[in-house]
Amino acid sequence: MCGLIGLISKKSISKDLIHEMLESLNHRGPDSNNYYLDNRFNLFLGHTRLSILDISDNANQPIISNNKRYVMIFNGEIYNFKKLKKLINDKFAINWKSHGDTEVLINCIEKFGFLKSLELIEGMFAIVIYDIKLQKIYLARDKFGEKPIYFGNSNGKFYFSSELKAIIRDKEFKKEIDKDSVKY
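Residues numbered from 1 in each chain as written. Predicted model: local features only at pLDDT ≥ 70, side-chain atom pairs only at ≥ 80, totals over all residues. Heavy atoms only, no water.

Chemist: Help me out: how do you make sense of the pairing of strand 3 (residues 43–49) in this one?
Modeler: One face of the sheet, then the other: side chains in a regular strand alternate in exactly this way. Strand 3 sits mainly inside the fold: seven of its seven residues count as buried. Judged by which residues are buried, strand 3 turns out to be covered on both faces: Leu43, Leu45, His47 and Arg49 on one side and Phe44, Gly46 and Thr48 on the other are all buried. The sheet contact formed by strand 1 (residues 3–9) and strand 3 spans six bridges and is antiparallel. Counted as the bridge partner of Leu7 is Phe44 from strand 3. Of the strand pairs in this sheet, strand 2 (residues 32–38) and strand 3 are connected by seven bridges, and their pairing is antiparallel. (Buried < 20%, exposed > 50% of the residue type's maximum accessible area, 1.4 Å probe, protein only. Helix = DSSP H or I, 4+ residues; strand = E, 2+ residues; numbered from the N terminus. Pairing = 2+ DSSP bridges.)

This is the structure we're talking about:
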């Protein structure tokens with residue numbers, strides 16, 4: 001189990017808030033925590049890591065693709081990552097730095113695109129991809145929703161996280177239910 005946290009804001013994001021949000025998810029990933037911050041677009045991606053497949057620092061997140069286009073945070077397990085690694089190796093020359101599924105997943109996205117990668121991967125996951133070139137963010141979960149990812153807008157900010165308690169660390173977040181969004 002790992003922890004994901006992210007925020008896109010109309011105004012700058014304080015490092016105190018980043019650390020507070022990450023700290024609230026430390027129980028999900030005690031082995032490492034780190035974040036990516038793009039001050040140009042007020043975007044923050046944070047990750048707390050529980051090391052399982054590859055315990056080296058080379059598998060820490062957020063991870064940036066080799067071509068520097070994508071930044072990814074990921075929680076879960078890609079069951080067919082060895083098969084995907086072979087598929088990638090058959091078509092591209094990759095200098096692998098780790099032995100787990102995270103690096104395989106980011107390379108799959110870089111080489112085949114996000115939507116095609118979602119078709120190829122098998123597993124339980126919550127994935128956040130930031131496409132630096134297009135300035136777009138993508139959130140995805142496995143079809144059974146085994147790995148949580150909560151998201152929502154409040155006060156000119158878009159939040160997403162593995163747990164709600166990380167989001168409500170922002171004192172500007174309004175803890176209100178949008179009754180229109182839950183109507184049948």
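Chemist: So what exactly am I meant to see when it comes to the sheet that holds strand 6 (residues 123–131) here?
Modeler: The strands making up a sheet associate through hydrogen bonds between their backbones, and the pairing can be parallel or antiparallel. Taken together, four strands build an open sheet; the order of strands is 4-5-6-7 and the sheet is antiparallel. Edge positions in the sheet fall to strand 4 (63–64) and strand 7 (136–141), since each of these pairs with one other strand and no more. Relative to strand 5 (residues 70–78), helix 3 (residues 101–112) is tilted by about 130°, and along the sheet it contacts strand 4, strand 5 and strand 6. (Contact = heavy atoms within 4.5 Å. Axes fitted to C-alpha atoms, helices over the stretch in contact; angles between N-to-C directions.)

Chemist: Where do I start with the state of the cysteines in this structure?
Modeler: Each disulfide is one covalent bond, formed between the sulfur atoms of two cysteines. Within the structure shown, the criterion is met by zero disulfides. Distance from the sulfur of Cys2, which forms no disulfide, to the nearest cysteine sulfur (Cys108) is 19 Å. (Disulfide = S-S within 2.5 Å.)

Chemist: Is there a simple way to explain the side chain of Arg28 in this structure?
Modeler: Along the chain, Arg28 falls in the loop between helix 1 (15–23) and strand 2. Polar side-chain contacts of Arg28 include one of 3.1 Å to the side chain of Glu163. (Polar contact = N/O pair within 3.5 Å; in protein donor to acceptor, adjacent residues only side chain to side chain.)

Chemist: Help me understand the nonpolar core in this model?
Modeler: Where a protein is soluble and globular, its nonpolar side chains tend to be buried together. If you look at the biggest cluster of nonpolar residues, it comprises 21 residues, and the most contacted ones within it are Met72, Ile78, Leu105, Ile127 and Ile129. If you list the elements that add at least two residues to this core, you get strand 5, helix 2 (81–91), helix 3 and strand 6. Residue contacts for Ile127: discarding those within four places in its chain leaves Met72, Ile73, Phe74, Leu105, Phe114, Leu118, Ile121, Tyr138, Leu139 and Ala140. One finds Ile13, Leu17, Ile18 and Ala166 within the second-largest nonpolar core, a separate group that totals twelve residues. (Core = buried A, V, L, I, M, F, W, Y, C linked by side-chain atoms within 4.5 Å.)

Chemist: I'm lost on unusual backbone geometry in this one. Help?
Modeler: It is generally the case that most residues other than glycine have a negative phi and that most peptide bonds are trans. For Asn42, which is not glycine, the phi dihedral falls at a positive 50°. Mapped onto the elements, Asn42 comes out in the loop between strand 2 and strand 3. Positive phi is not limited to glycine here, since Lys68 has a value of about 65°. Using a relative accessible area of 57% as the deciding quantity, one classes Lys68 as exposed.

Chemist: Quick question: what am I supposed to make of the pairing of strand 5 here?
Modeler: With seven of nine residues buried, strand 5 is to be regarded as a mostly interior element. Two strands pair when backbone bridges link them, and strand 4 and strand 5 are joined in this way by two bridges, in the antiparallel orientation. Residue Ile64 lies in a different strand from strand 5, and its bridge partner there is Val71. From the end of strand 4 to the start of strand 5, which pair antiparallel, there are five residues, and Lys68 there has a positive phi angle of about 65°. Where strand 5 meets strand 6, nine bridges bridge the pair, whose relative direction is antiparallel. Across the sheet, the residue bridging to Ile73 is Val128, located in strand 6.

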